[in-house]
Amino acid sequence: MASLKDAAERQAFSLAIDATLKSLNKDREKGLLNIVNLAQKFMGSNFRSEAYEGAKKMIQNPDSKWMRYVNRLLDETDPHVAKMTALNLGYQAAFAGTKKIRKMREIENCNIPWLILMDPTSACNLHCTGCWAAEYGHKLNLTFDELDNIVTQGKELGVYFYMMTGGEPLVRKADIIRLCEKHNDCAFHCYTNGTLVDEKFCEDMKRVGNLSLSISLEGFEDANDFRRGEGVYNKVLHAMDLLHENGLIFGNSVCYTSKNMDAVTSDEFFDLLIEHGSRFAWYFHLMPVGMKASPELMPTKEQREYIYHRLREVRGFEGGKEIFVMDFQNDGEYVGGCIAGGRNYCHINPKGDVEPCVFIHYSGANIREKSLLECLKQPLFMAYRDNQPFNENMLRPCPMLENPEILQKMVHETGAHSTDVEQEEPVEHLCGKCVDYAKDWEETADKLWAAHPYKQKGYTNFKKK
């Protein structure tokens, strides 16, 4: 009975989206206000009332930076892609999925993630210097049936958003499109080097409508090709142009280090991304994961403080740039700190190990041996749940990078083992690389947090009393 009700509600939302998207061509302001009203009707308390009012105010100011951004996005996005994004990421994942996830957390008394990140393969057509995934080699794969089973089990728990990395996930692009076709009520997103994007793949993406991409770009031509190989930079720009011309939604993934910080935060870099059609950029702090990691590439405290301010400037309501930027390490205030361990996401590597985070290669459960729910209830994940947030300062969210003593304690107490494929890394070795960094960053982070005008801790997962 519940499934019939869910299907009817999805259909009603789908029809409402159709009507609203059509109205955008006649009276854009009215159409966008209808979208906000529609979201408020279906999503209600999922977001604060101030968020809906803020959106309406922005829409009524057509000259504002973010309205220019929205108008460009609407003008340039394929209509089917726009609809499927609103339906699957907006309605299915953000509304219907969130409701079910919260209910299942109470029933199962464990973390249920809002999104699952999984590696279809360890294979890659490149071998980039310093890539954390390079350690996996090129022989590990999750079969299509395993990927399909993960998504099927996830939907039963309310999970409708699936990200993929690797390796290079587009080595498996035929299976990824097949997965998008079979689960056309889900949103899928791939982190890719972009070099395998071609016209045929763009046509497939338009047809399914529920796949978006983040393309790695970590500087300009010299720096990018030094790490990734000669000619890769131009291939990436060509891929971005193809996606843009086909009306597809994509952004970029940027790993910031002590060496590339100036380049990837420059006006010229943001202008380059915007010029080639990028809608967003994920910024990731370099993590010293693996026995061969280079801790000296981690940003200094001065550099991290700089990027904290710089990305807020770039995405501000006034000034900045018309691209939405997110900082995985410095935006903890918006999500209540660490989101790993199933709290909002988890990672499944190409061996099937279910890990708390893409950067934390320890686990006590494998999807080939246990159900997804059993994996989410593994001792390491329950320890994450019991200890989150790992720090009251949301600028020190991670149990490895900023609180290394906590990860060591959790791994030892739960008996989790290293899932590193190339060479097992003792947790003391991993966390030992972060001790000085954590101590050095603490004073700066505490100063920034004390001065922060708005402290949002995010929602807290249900815990049985």
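Nothing here was measured: the structure is a model prediction, and the numbers come from that model.

## Digging into the pattern of salt bridges
This structure, assessed with the given rule, holds 31 salt bridges. Measuring nitrogen to oxygen at the nearest pair gives 2.7 Å for the salt bridge that ties Glu108 to Lys377. Pair noted here: Glu108 is in helix H5 (residues 79–108) and Lys377 is in the loop between helix H14 (372–376) and helix H15 (379–387), with a separation of 269 residues, a long-range link. The structure contains a network of salt bridges with shared partners spanning Glu181, Lys200, Asp204 and Arg207.

## Quick notes on the pairing of strand S6 (residues 280–285)
Among the six residues in S6, five count as buried, and that is most of the element. Alignment of strand S5 (residues 250–256) against S6, held across five bridges, turns out to be parallel. Looking across to S6, one finds that Val254 is bridged to Tyr283. As paired strands, S6 and strand S7 (residues 324–327) are joined by four bridges and run parallel to one another. Paired with Tyr283 across the two strands is Asp327, which belongs to S7.

## Topic: unusual backbone geometry
Where the residue is not glycine, phi is negative for most of them; where a peptide bond is considered, it is trans in most cases. With an omega of 15°, the peptide bond running from Gly166 to Gly167 counts as cis. Position of Gly167 relative to the elements: it lies in the loop between strand S2 (161–164) and helix H7 (173–182). With an omega dihedral of -5°, the bond running from Gln388 to Pro389 counts as a cis peptide bond. Tracing the backbone through its elements, the reader meets Pro389 in the loop between H15 and helix H16 (404–414). One non-glycine residue, Asn109, lies in the positive phi region at around 55°. Here Asn109 lies in the loop between H5 and strand S1 (115–118).

Reading the values: the criteria
- What you see as residue numbers is a count from 1 along each chain, following the sequence as written.
- For this predicted model, a pLDDT threshold of at least 70 governs which residues receive local features, and a threshold of 80 or more governs which side-chain atom pairs are given and counted, while totals over whole chains, interfaces and linings are taken from all residues.
- Hydrogens and water are ignored here; the side-chain numbers use all heavy atoms of the structure.
- Between Lys or Arg on one side and Asp or Glu on the other, a salt bridge is scored when a side-chain nitrogen of the former is within 4 Å of a carboxyl oxygen of the latter.
- Put simply, DSSP H or I for four residues or longer makes a helix, DSSP E for two residues or longer makes a strand, and each gets a number counted from the N terminus.
- Relative accessibility under 20% of the residue-type maximum defines a buried residue, over 50% an exposed one, and the middle range a partly exposed one, all with a 1.4 Å probe and only protein chains included.
- Note: two strands are recorded as paired if DSSP finds a minimum of 2 bridges between them.

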